[in-house]
Each structure stands twice: as C-alpha cells, then as structure tokens.
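Below are the chains, spelled out letter by letter.
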Amino acid sequence: MEQPPDTPRIGVDEWVASVEGKRERYTGPRGAVLKRWERLPPAARVLVFATPAAVFPFLTSGGNLFRYGLFTLVYALLALGLNIVVGFAGLLDLGYVAFFGCGAYMYAILASPQFGNHWQAEAAIPVVVVFTAVVGLLVGLPSRRLLGDYLAILTLFFGQAFVVFVNNANRISFPFVGHADLTGGANGIANIDPFNFFGYRIDSTRKQYYLLLIAVALVLILLMFVNESRTGRAWRALREDPLAAEVMSIPVNRLKLLAFVFGAAVAGLTGAIYGTIATAALPGDYDVGLLITVYAIMILGGFGSIMGIVVGAMIVNNIPKLLHSSANARPLFYGTILLAILVKLRPWRLLAAELGGLVAFGFAIHGIASAAYPRLVDGESIGSGVSARALDHWMLFPKNPVKIADVAYILLVAAIVVYPQLSRVWRAVLLPPLLYLVMFVWENLLLVHIGGATRLILLGAMLVALMNIRPQGLFGTATVEIA
Amino acid sequence: MTGDATLLELKELDKSFGGLRVIADLDMVVKEHEIVSVIGPNGAGKTTLFNLITGIYRPDSGEIQLDGRNLVGMAPHKITELGIARTFQTLRLFLNMTVKENVMAAQYGHTKVGVLRSMVRTPGARREEKEIHRLAEEKLGFFGDRLMGYRWDQFAYSLSYANRRRLEIARAMATQARILLLDEPAAGMNPRETHEITELIGKLRDDGGYTILVIEHDMHVVEGISDRVVALDHGVKIAEGSFEAVATDPRVVEAYLGLRKTETK
Ligand SMILES: Nc1ncnc2c1ncn2[C@@H]1O[C@H](COP(=O)(O)OP(=O)(O)OP(=O)(O)O)[C@@H](O)[C@H]1O
Ligand SMILES: [Mg+2]
C-alpha cells in the first residue's frame, strides 16, 4: 500500500490492522467447530445437550441414573443460578448455597409430615421460588453497595448464619403459637413429599430426572435470552467496570439487586427439586463443601459461559464418581494420562524417551525395593487378570499401604505445585518419577478408597491444572488485557 | 451554527479534596451546538470538572444546570439519561465485551424492556432489540470503517489504543446524550490519528448535532475545533474566549510555563 511520505509509516491502528489483520477469532478445526456452534440458535444448542441426556435413562441402570444423571443436573441448575450472580454481574456471593437450602427447607415445610402440609407442586414451587427470591432481595439490599471483599465476607456470613439457624430452629418460640419446630434442628426434615403436579406424582428416579432435564433446559434457554438482552449486557458491563457502567446510564445498584434476586430464585427452585430427590432437608447439605463444588463447576466451565456450566457440572459430578469404581477407573485414569502425554509431548523422540524412562524407572525402583525393602512390594494390586499381575512386577504395593500412601499423596500435591515452575530440562528429566508417583498414589490410595476429602483434593488438582492451561475456564472467553 | 440557547450552566461550583481546593468558584456556560475546550496544566481540575458534571463526585457547593434543571445530587446514570455522556481519560471500556456490545450496553437508559419480557422474547422485546442493534451500528458507522465489519465481534481488549478512544466516543453517543464530554480524546495518538479525531469532533457537532465539551492538551486540536476555550489553573477559571485570545492571555502563558512562583514572590 502506498503511503504519503510524511506520515508515519505505520500507526498503532494500522499495525493492528496489518499484523493481526482480519484474523478470525478462531482458527483450525477447533475454530470451525466453535464457529458453527456460535451460529446455532440457543434452542438448538440446548438440544445438542438435551438429546443425549434424554436418551441416557434408557442406557443405564436406576442407580447410575441417580448417581450420575440426577446429580449432574442438580449441580448444573444450581451453578446456572450462581452464574447469574457471579458470572454475569460479577458479585462474589459466598452465601449462595443458603438460598438452595432455603428452597429445600421451604418446600419441606410446605410438603412433608413436619407440619402436616402436603401442598401440590404447582402451588408449592412458585411459593418456594418467590420466597427465596425475597430472601435474596433482603440479603441483597444491604449488600448492593458493597464491593468485592466486603460483599464476599457479608454473604459468607449469611451462608454460615443460615446453617446455624436451621440447626437451631427446632426450638424457636413464637409470640402467639409458643414453641415450634421449624426445621427439625440437626436431624432436619425427613419424608419430604415427591412433587405432585395436579395429581401426577414425580416419584421415580426417571421421572425426577426428566423433570430436572426440563428445568435445566428451560433455565438454559431463558438465561441465553437474558444474556443477549439489555439486562444481560448491563450485568456484564457492570462486572467489567461498575463506574463506567453507571456513567453509561446503567443503574448499577438496581441491577446488582436484580442479579441477586434471580440467582436466589434459581437456587430456590433447585433446592425444592433437591428436597424431593433426597426426601429430606439436612443442615449439613448446604454447607461450604457444596459451595466449593458449585464454584468449581463455574470456574471449570468458565465464568459467564452458560454452556460451560453444563460441561463443568458433568465433569465435577461424574469424574470423581466414575473413578470410585475400579472397573471404570483404571482404564479411565491411564487412558487420560496417556492421552495427555500424547497430546502434550513433542517431538516423538522425547515422547518415546519419557515413556521408556517411565517403564525403566518403575523396574529400577521395583528391583531396588525388592532387594532392600521387601516390605514395599509384598502387597498386590487390586483386581485380577494379566495386566494387574504384570503391574505387580513394576509398581510398588506395600501390604499395608495407608501410611506410606498418605505421605506419598502429600508429596505428590507438593510436586504438582512445584513442577510447573521448573525449567524445561528439569521438567523433562523429572516427568517419569512424577508420573510414577502419580500412579503409586493412585494404585495404593485413590483406587482403594476415594472419600470426601479425596474428592475435594481431586477437584482442587483439576482446578490447579486448568488455571495453568486455560485460566478462563473451558468455555470462558479470554480475560486478557493489553495495556 | 452556534445557537443561543444555554444548555449547560455551572454556577459557583466548588470542590475540595481534603484541604485541596480542586474546583474553585467556577462559573461556566455551554450553549447548544457549541464546542467548548477546557485547557489547563496537569492537575488543574479538568477531569474533576467532568466528574462533577456527570455526578461521580458531588460538589461541595454550587449548581449544575442542564436546561435549567439542577443536576446536583442525582445518580450518574440519571444524569446520563438526561443527556450528558462522557469518555474517560484513562479509558474504561468493557474490555471483555465485543465492540458492538459495548455500544449496545450504553443504550440501557433509553430502552425499556424488562428482564422477564426479554426472557421470553416478546415481540416488543425483539423489536427493541433490533432497534438497539441498529442504533449501535449507526453510531459505530460514524467512524468510517474504523469500527465496522469484522470489528463488531472483536473483544474491546483486542482494539488498538486509537480505536479504544473511538469506541469510548461511540459508546457515549449511544446513550442518546445531547452533550458529549470528551476527556483528552487525542491523548496517545499519532499525528495522523490526531488529525482524524479533530475532524471527527467537528463532524460530531455538524452531522451528529451534539454539543461538545472537550478537554485537550494538544493545542493544534484545540485551535482546530473550538468555538470557545476555557482555561483552568488550580481549579480557577483564568481565561475564557476565542482560542487566539486565550492562547495569548498572559495568565494562561504563565500557568503553562510555570512562572507563577517567581511572580507571586
Ligand atoms: N478523588 C480524589 N481524591 C483526592 N484528590 C483528587 C481526587 N481526584 C482528583 N484529585 C486531585 O485534584 C487535582 C485535579 O485533578 P484532575 O484529575 O481534575 O486534573 P486534570 O486537570 O484532569 O489533570 P490532567 O491534565 O493530568 O488530566 C489533582 O491535584 C488531583 O490529585
Ligand atoms: Mg484529567
């Protein structure tokens, strides 16, 4: 292009235009898929998820449908509500699960033997949703002027206060009625009715699953519509820069409140559904553990990404549960590791060297151990068959692995934190021992018993790994800023 | 071109931060379809003046009137709705939103459809949404092809510095304001881009019908666009009038050259 001689040849603008050019936002095969995906109308996107989900009950047993299906959908619905508050409006709400609890308890009060109420679902659900929305409004009112850390602390306080409240509200005295047992205290409220829509009872796992699927699909579509509306844009604008949003004619405080109310309403709906699934409302169900899980789902999926939430819920609910049974777990585990190595390690020579190194390292350790510390190899791997027996000659299996595996576990967590900080050469050299350590912990600890704590640690490890690879989450858009 | 109707009027405006008096007893008038430049050395209180007009700060005393209506004490979004929009010296775009979304977001104030109606996309909601798109495209079109076509779907963070400044202006325009407050629109631009911005500001008034209050350090820009120039120093208006008159005013020269100290002693 000809330029007049006296102008600077390339201005900032022109530089961006010529170098970055009319670059597409996505490239390659991944880009082709993503572009097609973005062009789909919302309803079609939901169908992409809903169709396989609708077929799922026919492919699996009732127990699996409960474990994998129902809980994935409960988590997804719950995280969708949180996404309004945190993902869209950018308000760090740490009391969110209390709204979920409110929904469950409120439904329990309306439909269980606790007070002898047995409301129909078509009446109870709207009441529950409106009730939690009002609670959301009440919590939001004093908080709406709060920013960042202050809001986080205040909502955390609310969340904890809720747990204390339901634990103790079995002996509240009311002005006129006298003593009443509102929440069943530490024992909670049991025998919650299944939903009863105009006489049609949602009383089997399969029916509950489809009800949840409809709820998730509906909320998904509604949220997609809101996201692409005046209100959705205003929420995102206030997340980006509240001051600029306010000056651009957006009533920031009112919109924050609105986000709180809508988030609470979705949580309340989820709570009511969860109440009928669990058939009980227990104070322990609405504690910090759940909060962490829901946040993990959102971080994993990417803040503000509606579809990412669904995928995040699938991952967070199912992977730890799949790993729980050793028949699924071993192929899944080694498959994932192998796949990750195959994808990440280049060139082929390095890949071959690392794999060879890993095999050699295992035999060397095993050889040394059987000569010097026979106690380290006198156990056996779980399972039968050739592969399990072959593993016995390569991996260490102490007879009583608990203590040493715990130590190895802590070592592993430390190693995973340190490893990414190392130089390339050290990373290459230390990869085989690291993988061996991973497998050792896996074979001797995780495969043997995956408990609650292990689940959270696994979740943490997933998030740490994700933060290194894709800080914006699986489906989030990049939050880059070029100053 | 310049009408006679007073649009914005500041009366005895005062603002202090702690002990520091940043705006002192300031009177000022902006008439319809006028381009008024505010100049002054760093720290003179120019940006603070914008913050007062847009409601980010509340003046300690004095009045700010738009069409005779006092704005003091109103929330910023309300003031914007009434017709005053601004850009930021430090650029405050919604970085993780696309170019077009930035401009669409700024239309919140003059649109009506509530969240429930947009959830189910009623015909009214669709119609309004279409209108929001149209207006956004119109405002972005004001900048030639700089912010057109494939740029609509780019995230604001991927824009060049000059384009970010343009987008700030487009966003302010989209609020349907009558007065634009531009805080150093040419800062950080190369000569060619600066020239473009100068022409653009003229076009904003002539074709867009906006009244413009602009803070600018570049005297070529000020000379090129201003109907009137107001010079501030330490929050005090030290000169006002045509560019020639203000630029040669001894107090302005003094303020810019920093001769004050030697003379007041
Ligand atoms: N929020 C605040 N708190 C305390 N002091 C402030 C605040 N905002 C501005 N000031 C002070 O007020 C004075 C004027 O600031 P202002 O930003 O209005 O100057 P300006 O004329 O825009 O300067 P520049 O040309 O550098 O942009 C400065 O001394 C600044 O430090
Ligand atoms: Mg300034």
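What comes next concerns the included structure. (Residues numbered from 1 in each chain as written. Chains lettered and ligands numbered in written order. Predicted model: local features only at pLDDT ≥ 70, side-chain atom pairs only at ≥ 80, totals over all residues. Heavy atoms only, no water.)

## Digging into the site of ligand 1
Residues and elements named next belong to chain B. The full set close to ligand 1 counts 14 residues, and Lys46, Thr47, Thr48, Tyr57 and Gln89 are the nearest of them. Taking Gly45, its main chain carries an N or O atom lying 3.0 Å from an oxygen atom of ligand 1. Look at ligand 1: alone it shows 630 Å² of surface, and the protein chains cover 65% of it. Among the elements that line the shell around ligand 1, the one with the most residues is helix α1 (residues 46–53), at 3 residues. (Near = heavy atom within 4 Å. Polar contact = N/O pair within 3.5 Å; in protein donor to acceptor, adjacent residues only side chain to side chain. Areas by Shrake-Rupley, 256 points an atom, 1.4 Å probe, with all protein chains shown as cover. Helix = DSSP H or I, 4+ residues; strand = E, 2+ residues; numbered from the N terminus.)

## Observations regarding the coordination of the magnesium ion (ligand 2)
Residue and element names in this part refer to chain B. Within the first shell, the magnesium ion (ligand 2) binds the protein through Thr47 (OG1) and Gln89 (OE1), at distances of 1.9 to 2.1 Å. Of the two residues, Thr47 sits in helix α1 while Gln89 sits in the loop between β6 (84–86) and α3 (99–105), which places them 42 residues apart along the sequence. Its relative accessible area of 25% is what places Thr47 among the partly exposed residues. (Donors = N, O, S within 2.8 Å, 3.2 Å for Na, K, Ca; no water. Buried < 20%, exposed > 50% of the residue type's maximum accessible area, 1.4 Å probe, protein only.)

## Overview of unusual backbone geometry
Residue and element names in this part refer to chain A. For Phe198, which is not a glycine, the phi torsion comes out positive at approximately 50°. Residue position: Phe198 is located in the loop between β5 (195–197) and β6 (200–202). Taking the relative accessible area as the measure of exposure, Phe198 reaches 69% and is therefore exposed. The backbone of Ser249 sits at a positive phi, close to 75°, despite the residue not being glycine. Relative to the assigned elements, Ser249 resides in the loop between α10 (242–247) and α11 (252–278). The buried category is assigned to Ser249, whose relative accessible area is 2%.

## A word on the pairing of strand β4 (residues 61–66) of chain B
Residues and elements named next belong to chain B. Pairing of strand β1 (residues 6–17) with β4, which is carried by 5 bridges, proceeds in the antiparallel orientation. Bridging across to β4, Lys11 finds its partner in Glu63. Of the pairings in the sheet, the one linking β4 to strand β5 (residues 69–70) comprises 2 bridges and is antiparallel in character. For Leu66, the partnering residue across the bridge sits in β5 and is Arg69. Between the end of β4 and the start of β5, which pair antiparallel, lie 2 residues, with Asp67 showing a positive phi angle near 55°. (Pairing = 2+ DSSP bridges.)

## Considerations on helix α15 (residues 348–372) of chain A
Note on helix geometry: an α-helix contains 3.6 residues per turn, so any two residues three or four positions apart are oriented the same way. Here α15 of chain A spans 36 Å end to end across 25 residues, near enough to the 36 Å set by a 1.5 Å rise per residue. Those residues of α15 of chain A that fall on the buried side of the exposure criterion are Leu351, Glu354, Leu358, Gly362, His366 and Ala369 of chain A. (Expected span 1.5 Å × (residues − 1).)

## Points about the nonpolar core
Counting residues in hydrophobic clusters, the biggest one holds 149 residues, and the most contacted among them are Phe99, Phe195 and Trp235 of chain A together with Leu167, Leu180, Leu204 and Ile212 of chain B. Every residue in contact with Leu167 of chain B, bar those within four places of it in the chain, is listed here: Leu93, Val99, Asn102, Val103, Leu140, Leu147, Ala156 and Leu159 of chain B. Tyr419, Tyr436, Phe440 and Leu445 of chain A belong to the second largest nonpolar core, which has 30 residues in total. (Core = buried A, V, L, I, M, F, W, Y, C linked by side-chain atoms within 4.5 Å. Contact = heavy atoms within 4.5 Å.)

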